[in-house]
Amino acid sequence: MAVLRVQDLVVDFATRQGNARVLDHISLEIDEGEILGIVGESGCGKSMTALSIMGLVPSPPGNITAGSIKLDEREIAGASSEQMRTIRGNEIGMIFQEPMSSLNPVFTVGEQIAESVRLHEGADSRAAFARAVEMLQAVGIPEPEKRARAYPHELSGGMRQRVMIAIALACNPRVLIADEPTTALDTTVQAQIFDLLEELQKNRGTAIVLITHDMGAVAQLADKIAVMYAGRIVETGAVDDVLSNPRHPYTRGLIACVPHLQVKPTKQRHPLLEIPGVVPSLTELGEGCAFSPRCDRMHSKCLQHQPVLETVPDTGDNSHRVACWVTEARADDV
Amino acid sequence: MLLLTVLRRLLYSAILVVAVLVLNFLLIHLAPGDPADVIAGEMGGATQEILDSIRKTYGLDQPLYVQLWVYLKNAATGDLGQSYFYNVPVLDLIISRTGATLLLVFTALGFAIVTGTFLGVLASYKPTGLISNLVTVLSVVGYAAPIFWTGIMLIILFASVLPIFPISNMYDVTKDVGPIGHVMDVLHHLVLPAFTLGIVYLAQYSRLTRASMLEILGSDYIRTARAKGVSERQIYARHALRNAILPIITIAGLQFGSIVSGAVLVETVFNWPGLGTLAFDSILARDYPTILGILFFSAVIVIMANLITDLLYRFADPRIGAQK
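Nothing here was measured: the structure is a model prediction, and the numbers come from that model.

Criteria and thresholds
- Residues numbered from 1 in each chain as written.
- Chains lettered and ligands numbered in written order.
- Predicted model: local features only at pLDDT ≥ 70, side-chain atom pairs only at ≥ 80, totals over all residues.
- Heavy atoms only, no water.
- Helix = DSSP H or I, 4+ residues; strand = E, 2+ residues; numbered from the N terminus.
- Rg over C-alpha atoms; globule rule 2.2 N^0.38 Å.
- Contact = heavy atoms within 4.5 Å.
- Lys, Arg positive; Asp, Glu negative; His and termini not counted.
- Charge placed at Lys NZ, Arg CZ, Asp CG, Glu CD.
- Buried < 20%, exposed > 50% of the residue type's maximum accessible area, 1.4 Å probe, protein only.
- Areas by Shrake-Rupley, 256 points an atom, 1.4 Å probe, with all protein chains shown as cover.
- Core = buried A, V, L, I, M, F, W, Y, C linked by side-chain atoms within 4.5 Å.
- Pairing = 2+ DSSP bridges.
- Axes fitted to C-alpha atoms, helices over the stretch in contact; angles between N-to-C directions.
- Patch = residues over 30% accessible without salt bridge, like charges linked within 9 Å, V, L, I, M, F, W, Y side chains within 5 Å.
- Salt bridge = Lys/Arg side-chain N within 4 Å of Asp/Glu carboxyl O.
- 1 Å grid on protein atoms, 1.4 Å probe; cavity = no way out; pocket = protein on both sides within 12 Å on 5 of 7 lines; lining within 4 Å.
- Points joined across faces, edges and corners; volume = space filled by probe spheres on them.
- Nonpolar A, V, L, I, M, F, W, Y, C, P; charged D, E, K, R; others polar.
- Buried area = accessible area lost by both parts, 1.4 Å probe.
- Polar contact = N/O pair within 3.5 Å; in protein donor to acceptor, adjacent residues only side chain to side chain.

Asks: Can you help me understand the overall build of chain A in this one?
Replies: Assigned secondary structure in chain A consists of twelve helices and twelve strands. Its C-alpha atoms give chain A a radius of gyration of 21 Å, within 12% of the compact-globule value 20 Å for 334 residues. Referenced to the eigenvectors of the C-alpha coordinate spread, the extents of chain A come out at roughly 65 × 60 × 40 Å. A sequence separation of at least 24 residues applies to 64% of the contacts in chain A between residues at least 6 apart. Seen as two clouds, the 31 positive and the 43 negative side-chain charges of chain A have centres 3 Å apart.

Given below as structure tokens:
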């Protein structure tokens, strides 16, 4: 059963250059104990999807214009700020990109975990602090008793991200949203954080929405993937299907961009691949496919009509869907 | 660790105080005028012999470095000399006036910090709203208006239009009201001077608080607090204000000297019997030992205030204490 179901979510931002549709009919679904990877370039709407689920879209200028967000069966899109407060940190936890600046410098890390427990479970300070120590242990911080009394500046980036995870998971939420949790960290620490997320997800059954541009991490961790471009989902499905058989030219581009380790120096080196061009401005989107200016297979239809997400016919469980005219035409030819 | 820091800071402070003493002593002797004239009385009736005998008695015939040395030696034992004008020990004179000044300065500072911070937080809640604009106007006016002008305007207002606050002195000598009545009477007299002195700093602190709150409210850790489900009120009062108060502590500490000098003006305008009026009177009377004593004393107060600020800052910001 889906813990979190986002349906046709539309988010608009009023800007000086006119209305920007930052999320355009986004639909996602995640089951208990599942990891959903959302990938795409900066500015494609990944983080905005997360903020919408949290009810933290900055308003003004942002607004959820249409669509629904359901936690279990409860509608939370458009819920009051009091209702959302009881959900945030309690039923949905979130961790962010910047562990260095995401913790309040004047409170101990134990206090910052305990606050959440006091807030949502009405625990007294002693019980809340005990939970904080327990959580620090769970996220693999040595000497948790001692570290709970430390201030953020006394911890390394990796440690701080572990603390952030401890905060997010302190009230045992159904869903954890991890917004590029490892972008600011060293490679070795990145792997540790991903391992930790995977372990916590297995032990606690938390559903995780993993927002990243690390295709490798998605391949390794996620069950499902959603590829976003310019506020839309352009391809989605089970990770194995999508990565082994990508249909959208953008997905292919992303996969091709992942650099490979070359160990034999005698072999000719491949140049690093890139997708030419940049993400278009959301206020200047035309009628057609937003990716068409950067696409190597673009044809006339792409410029006139926006492709919709449709099931890729030759896959097993019908979950693999793609929004591209070219793939469809090809499928028609088959 | 903390004790060591305090001791080191105290040593630096002592050196600084000696430097202040020497500099003031030399400055005073650069000023024109002969203290012997003052002591003899400015009626002009003193003969040369009387003046010579006065110079000999007070050691004014000695070379300057000898006078300085004697002064420093005496100061080290707590003897700041005899007031030429009041003819009592300077130290006694200063001590009798310090209480009034400290009362005025701390009331003004407390009023400025508490009200300024509160208004700043209020303004940051809606940065383009009415309150925010009012705070901006208030702070521009408060900052631009000279202290003595504000004081005089308030005197005019409360002397004629709205006589609810006394406009002069620290208490009413004509009334016998008992100890509690006396305290109330002093507080009643304190309102206008403290407001006048505080308004300038209130203006600055409200602006500063507004700016630092706005910056902090956009920071990542506030987003984290929101993601935890902390209420907006708690975010303002706990998460943001704790951080926004840090620059206020710094500025208030640094400005303590300017508040003390502002007190000189305010005391003069409102005839408040503190160090300020004493300084003012002593300068008019060329009472050098008293002037020197007051300068020395206010230097000590300012240095102590800075020391306390630093310690307070360590307490308020955990990141400072860590740099051992």
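Asks: How should the overall build of chain B be read in this particular structure?
Replies: Broken down by element type, chain B carries 14 helices and zero strands. Its helices and strands taken in sequence order, chain B reads α-α-α-α-α-α-α-α-α-α-α-α-α-α from the N to the C terminus. Here the C-alpha coordinates of chain B stretch approximately 85 × 55 × 40 Å along the principal axes. Buried positions account for 43% of the 324 residues belonging to chain B. Taking as baseline every contact in chain B between residues at least 6 positions apart, the subset at least 24 positions apart corresponds to 73%. Carbon and sulfur atoms provide 70% of the accessible area of chain B, an area that totals close to 17,000 Å². Taken as two groups, the 20 positive and 19 negative side-chain charges of chain B have centres that lie 21 Å from each other.

Asks: Help me understand the nonpolar core, please; the structure alone is not making it clear to me.
Replies: In a soluble, globular protein the nonpolar side chains are often hidden away together inside. Residues Ile92(A), Ile113(A), Val163(A), Ile165(A), Val175(A), Ile177(A) and Leu197(A) are the most contacted members of the largest nonpolar core, which totals 97 residues. Looking at this core, the element that brings in the most residues is helix H6 (residues 157-169) of chain A, giving eight residues. Not counting residues up to four positions away in its chain, the partners in contact with Leu197(A) are Ile95(A), Ile165(A), Leu176(A), Ala178(A), Pro181(A), Ile208(A) and Leu210(A). Counting residues in each nonpolar core, the second largest holds 58 residues, with Leu197(B), Phe256(B), Tyr288(B) and Phe297(B) among its members.

Asks: Is there a simple way to think about the sheet that holds strand E12 (residues 321-322) of chain A in this case?
Replies: Hydrogen bonds along the backbone pair up the strands of a sheet, which may run parallel or antiparallel. Residue and element names in this part refer to chain A. Overall, mixed pairing links the eight strands, which are arranged E6-E7-E8-E3-E9-E10-E12-E11 in an open sheet. Both outer strands of the open sheet, strand E6 (92-95) and strand E11 (310-311), are each paired with one neighbouring strand and no more. Bridging between strand E10 (residues 232-238) and E12 involves two bridges; their strand directions are antiparallel. Of the residues in E12, the one forming a bridge with Thr236 is Arg321. Its contacts with the sheet put helix H7 (residues 187-204) on strand E3 (35-39), E6, strand E7 (175-179) and strand E8 (207-211), and the angle it makes with E8 is roughly 155 degrees.

Asks: What am I meant to see in the sheet that holds strand E2 (residues 18-31) of chain A here?
Replies: If you trace the four strands from one edge of the open sheet to the other, you get E2-E1-E4-E5 (chain A), paired in antiparallel fashion. The outermost strands of the open sheet, each flanked by one partner alone, are E2 and strand E5 (74-75) of chain A.

Asks: Looking at this structure, how should I read a nonpolar patch on the surface?
Replies: Residues and elements named next belong to chain B. Residues Phe148, Trp149, Ile152, Met153, Ile156 and Leu265 make up a contiguous nonpolar surface patch of about 560 Å² in total accessible area. For the nonpolar patch, the element with the highest residue contribution is helix H7 (residues 147-161), accounting for five residues. Position of Ile152 among the secondary structure elements: in helix H7. The class for Ile152 is partly exposed, based on a relative accessible area of 39%.

Asks: Sorry if this is basic, but what is going on with the layout of surface pockets here?
Replies: A water-sized probe rolled over the atoms picks out the places where empty space is left. Here the largest pocket defines a volume of roughly 1,100 Å³. As for the largest pocket, its lining consists of 38 residues, and the residues nearest its centre are Gly55(A), Leu56(A), Val57(A), Pro58(A) and Ser59(A). Residue assignment for the lining of the largest pocket shows that the elements contributing at least two residues are helix H1 (46-54), strand E4 (62-71) and helix H2 (81-87) of chain A together with helix H9 (220-228) and helix H10 (232-254) of chain B. The computed volume of the second largest pocket comes to approximately 450 Å³. Around the second largest pocket, the lining comprises 20 residues; the ones closest to its centre are Tyr58(B), Gln67(B), Val70(B), Tyr71(B) and Tyr84(B). Those elements that place two or more of their residues in the lining of the second largest pocket are helix H1 (2-30), helix H4 (64-76) and helix H13 (288-316) of chain B. For the lining of the second largest pocket, the leading source of residues is H4(B), giving five residues. Looking at the lining of the second largest pocket residue by residue, the classes come out as twelve nonpolar, seven polar and one charged.

Asks: Looking at this structure, I do not really get empty space enclosed by the protein. What am I missing?
Replies: All names here are of chain A. A full pass over the atoms with the stated rule returns three cavities of 30 Å³ or more. Taken together, Tyr229, Arg232, Val234, His248, Cys289, Ala290, Phe291, Gln306, Pro307 and Ala323 make up the full set of residues lining the largest cavity. For the lining of the largest cavity, the residue count by class is seven nonpolar, two polar and one charged. Estimated volume of the second largest cavity: approximately 50 Å³. Looking at the second largest cavity, the residues that line it are His248, Pro249, Cys289, Phe291, Ser292, Cys295, Cys302, Pro307, Cys324, Trp325 and Val326. Its residues placed into classes, the lining of the second largest cavity shows nine nonpolar, two polar and no charged.

Asks: How should the interface of chain B and chain A be read in this particular structure?
Replies: A common way to state how big an interface is: give the accessible area lost once the parts meet. Contacts between chain B and chain A engage 20 residues on the former and 27 residues on the latter. Where chain B abuts chain A, roughly 2,100 Å² becomes buried across the two surfaces, and 59% of that area is made up of carbon and sulfur atoms. If you look at where chain B meets chain A, you find three salt bridges. Across the salt bridge formed by Lys228(B) and Glu115(A), the nearest N and O atoms sit 2.9 Å from each other. Run the count over chain B and chain A and you get 13 residue pairs in polar contact (both at pLDDT 80 or more).

Asks: Is there a simple way to think about the environment of Leu309(A) in this case?
Replies: As for its position among the elements, Leu309(A) is in the loop between helix H11 (300-304) and E11. Residue contacts for Leu309(A): discarding those within four places in its chain leaves Ile233(A), Val234(A), Glu235(A), Thr236(A), Arg321(A), Val322(A) and Ala323(A).

Asks: Could you clarify how one ought to interpret unusual backbone geometry in this entry?
Replies: Keep in mind that most residues, glycine aside, have a negative phi and that most peptide bonds are trans. Unlike most non-glycine residues, Glu143(A) shows phi in positive territory, near 50 degrees. Looking at the element boundaries, Glu143(A) is found in the loop between helix H4 (125-138) and helix H5 (144-147).

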